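Residue-level structure breakdown
So you can see what is in the structure, the chains are spelled out below.
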Amino acid sequence: MRTIITNLRLLGLLLSSLSTLFVGMSLFPIFPLYAAELGADPGAVGASLAVIYVASTLGPMATGMLARRVPRKLLFIAAGIVGPPSIALLGHVTVLWQAVALMAIAWFCGGVILTLVNVFTGIYAEGAVRGRAFALMSLSAPLGALLGGAAITALLSRFDFAAACLGLARVGSMLPLL
């Protein structure tokens with residue numbers, strides 16, 4: 001475990017995965033409530049979630065194709081640059097289709113980032129610790145959900161949705177730096 005934490009590349013990947021899942025697991029559970037505030041009926045909320053799931057699926061699927069055209073590190077940075085503004089803008093939408101489009105962009109970028117985290121983990125982890133490195137990376141999902149859920153609850157109890165989205169976008173904006 002110490003070997004993984006002291007490897008700065010793996011630590012950066014762990015933080016990237018954690019921040020991506022932190023933001024995603026914060027917003028996704030409350031999206032139906034936000035969609036309802038925008039006037040969506042249950043059918044429209046379900047269709048919106050389906051679009052977001054499709055975008056989340058297309059991100060990992062497109063990563064291989066995109067990585068053949070663009071260097072993987074540049075692709076990682078680009079996804080980290082595009083995702084946070086869409087989260088920040090999410091708090092300022094006035095109609096459902098805008099929220100769905102921004103969430104789809106963010107989830108597509110998140111899928112690309114999480115896929116590249118796995119690729120880079122396989123590259124940077126030495127053979128002797130590769131299994132432990134992947135195990136540690138997999139812990140970022142429940143940890144991100146736990147911390148993200150607590151964060152969005154705290155943010156929404158003190159601020160409005162726009163401010164909460166801005167705070168989450170700030171967390172996501174550290175991805176290109178990592």
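For the structure, check the block above.
Rules used throughout
- Position labels on residues start from 1 in each chain and follow its written sequence.
- Selection of residues for local features in this predicted model requires a pLDDT of at least 70, selection of side-chain atom pairs for listing and counting requires 80 or more, and totals for whole chains, interfaces and linings are taken over all residues.
- With hydrogens and water set aside, each side-chain value is computed from the structure's full complement of heavy atoms.
- The helix count covers DSSP runs of H or I at least four residues long, the strand count covers runs of E at least two residues long, and both are numbered beginning at the N terminus.
- Accessible area is worked out with a 1.4 Å probe on protein chains only. A residue is then buried under 20% of its type maximum, exposed over 50%, and partly exposed in between.
- By definition in these notes, contact holds between two residues if any of their heavy atoms fall within 4.5 Å.
- Areas reported here follow the Shrake-Rupley algorithm with a probe of radius 1.4 Å; residue values treat only the protein chains shown as occluding.
- A positive count includes Lys and Arg, and a negative count includes Asp and Glu. His and the chain ends are not counted in either.
- By convention, the charge on Lys lies at NZ, on Arg at CZ, on Asp at CG and on Glu at CD.
- One fewer than the residue count of a helix, multiplied by 1.5 Å, yields its expected span.
- The term bend refers to the angle at a residue between two fitted axes, each drawn through seven residues, those ending there and those starting there.
- Here the axes come from fitting lines to C-alpha atoms, over the contacting stretch only for helices, and the angles between their N-to-C directions go from 0 to 180 degrees.
- An angle counts as roughly parallel when it lies under 35 degrees, as roughly antiparallel when it exceeds 145, as roughly perpendicular when it falls between 65 and 115, and as oblique in every other case.
- Crossings are assigned a handedness: left-handed for a near helix turned anticlockwise from the far helix by less than a right angle, right-handed for a clockwise turn.
- Residue type decides the class: Asp, Glu, Lys and Arg count as charged, Ala, Val, Leu, Ile, Met, Phe, Trp, Tyr, Cys and Pro as nonpolar, and the leftover types, Gly among them, as polar.
- Each pair of aromatic rings taken from Phe, Tyr and Trp, with Trp reduced to its six-membered ring, is defined by centres within 6.5 Å and is described as stacked if the planes are under 30 degrees apart, edge-to-face if over 60, and tilted in the remaining cases.
- As used here, the term nonpolar core means buried Ala, Val, Leu, Ile, Met, Phe, Trp, Tyr and Cys residues forming a set that is joined through side-chain atoms within 4.5 Å.

1. What about the overall build of the chain?
- A count of helical and extended segments in the chain gives eight helices and zero strands.
- In sequence order, the chain lays out its α and β elements as α-α-α-α-α-α-α-α.
- By its C-alpha atoms, the chain is 55 × 35 × 25 Å across when sized along the principal axes.
- Every one of the 178 residues in the chain was classed for burial, and the buried ones make up 44%.
- Considering only intrachain contacts with a sequence separation of at least 6, the fraction spanning at least 24 residues in the chain is 80%.
- Accessible area for the chain stands at about 9100 Å²; split by element, carbon and sulfur atoms hold 71% of it.
- One finds the centroid of the 10 positive side-chain charges in the chain at a distance of 23 Å from the centroid of its 4 negative side-chain charges.

2. Examining helix 2 (residues 8-37)
- For helix 2, with 30 residues, the first-to-last C-alpha span of 43 Å sits near the 44 Å given by 1.5 Å per residue.
- Along its length, helix 2 reaches its greatest deviation from straightness, about 50 degrees, at Phe 31, and the proline Pro 32 lies no more than four positions downstream.
- Count one or two residues on from helix 2 and you reach Gly 39, which has phi positive near 95 degrees.

3. Notes on the packing of helix 7 (residues 140-158) against helix 8 (residues 161-172)
- Where helix 7 meets helix 8, the axes come as close as 8 Å, and the angle between the chain directions of the two elements is 140 degrees. Looking at the two axes, helix 7 sits oblique to helix 8. Remark: the crossing between helix 7 and helix 8 carries right-handed chirality. Contacts between helix 7 and helix 8 involve Ile 152, Leu 155 and Leu 156 from the first element and Phe 161, Ala 164 and Leu 168 from the second.
- Taken together, the residues that form the contact of helix 7 with helix 8 break down as six nonpolar, no polar and no charged.

4. Description of the environment of Ala 101
- By secondary structure assignment, the location of Ala 101 is in helix 5 (residues 96-124).
- Given the relative accessible area of 32%, Ala 101 is considered partly exposed.
- Separated by 15 residues in the primary sequence, Ala 101 and Ser 86 have C-alpha atoms spaced 8.7 Å apart.

5. Looking at the packing of aromatic side chains
- Counted under the stated rule, the structure contains five aromatic pairs.
- Ring geometry for Tyr 34 and Phe 161: centres 3.9 Å apart, planes at 25 degrees, overall stacked. Of the two residues, Tyr 34 is situated in helix 2 and Phe 161 in helix 8; the sequence distance between them amounts to 127 residues. There is no split in this pair, since Tyr 34 and Phe 161 are both buried.
- Taken together, a centroid distance of 6.1 Å and an interplanar angle of 65 degrees make the contact between Phe 76 and Phe 120 edge-to-face.

6. A word on helix 3 (residues 42-69)
- For helix 3, built from 28 residues, the straight-helix expectation of 40 Å at 1.5 Å per residue is met to within 8% by its first-to-last C-alpha distance of 40 Å.
- At Thr 63, helix 3 shows its largest bend, some 40 degrees.
- For helix 3, the secondary structure elements touched by its buried residues are helix 2, helix 4 (72-90) and helix 5.

7. A short note on the nonpolar core
- Among the nonpolar cores identified, the biggest contains 30 residues, and Leu 27, Phe 31, Ile 87, Leu 90 and Trp 107 are the most heavily contacted of them.
- Of all the secondary structure elements, the ones that give two or more residues to this core are helix 2, helix 3, helix 4, helix 5, helix 7 and helix 8.
- Of all the elements, helix 2 adds the most residues to this core, at eight residues.
- In this structure, Cys 109, Leu 116, Tyr 124 and Met 137 belong to the second largest nonpolar core, which totals 18 residues.

Just distances and angles here, no functional claims.
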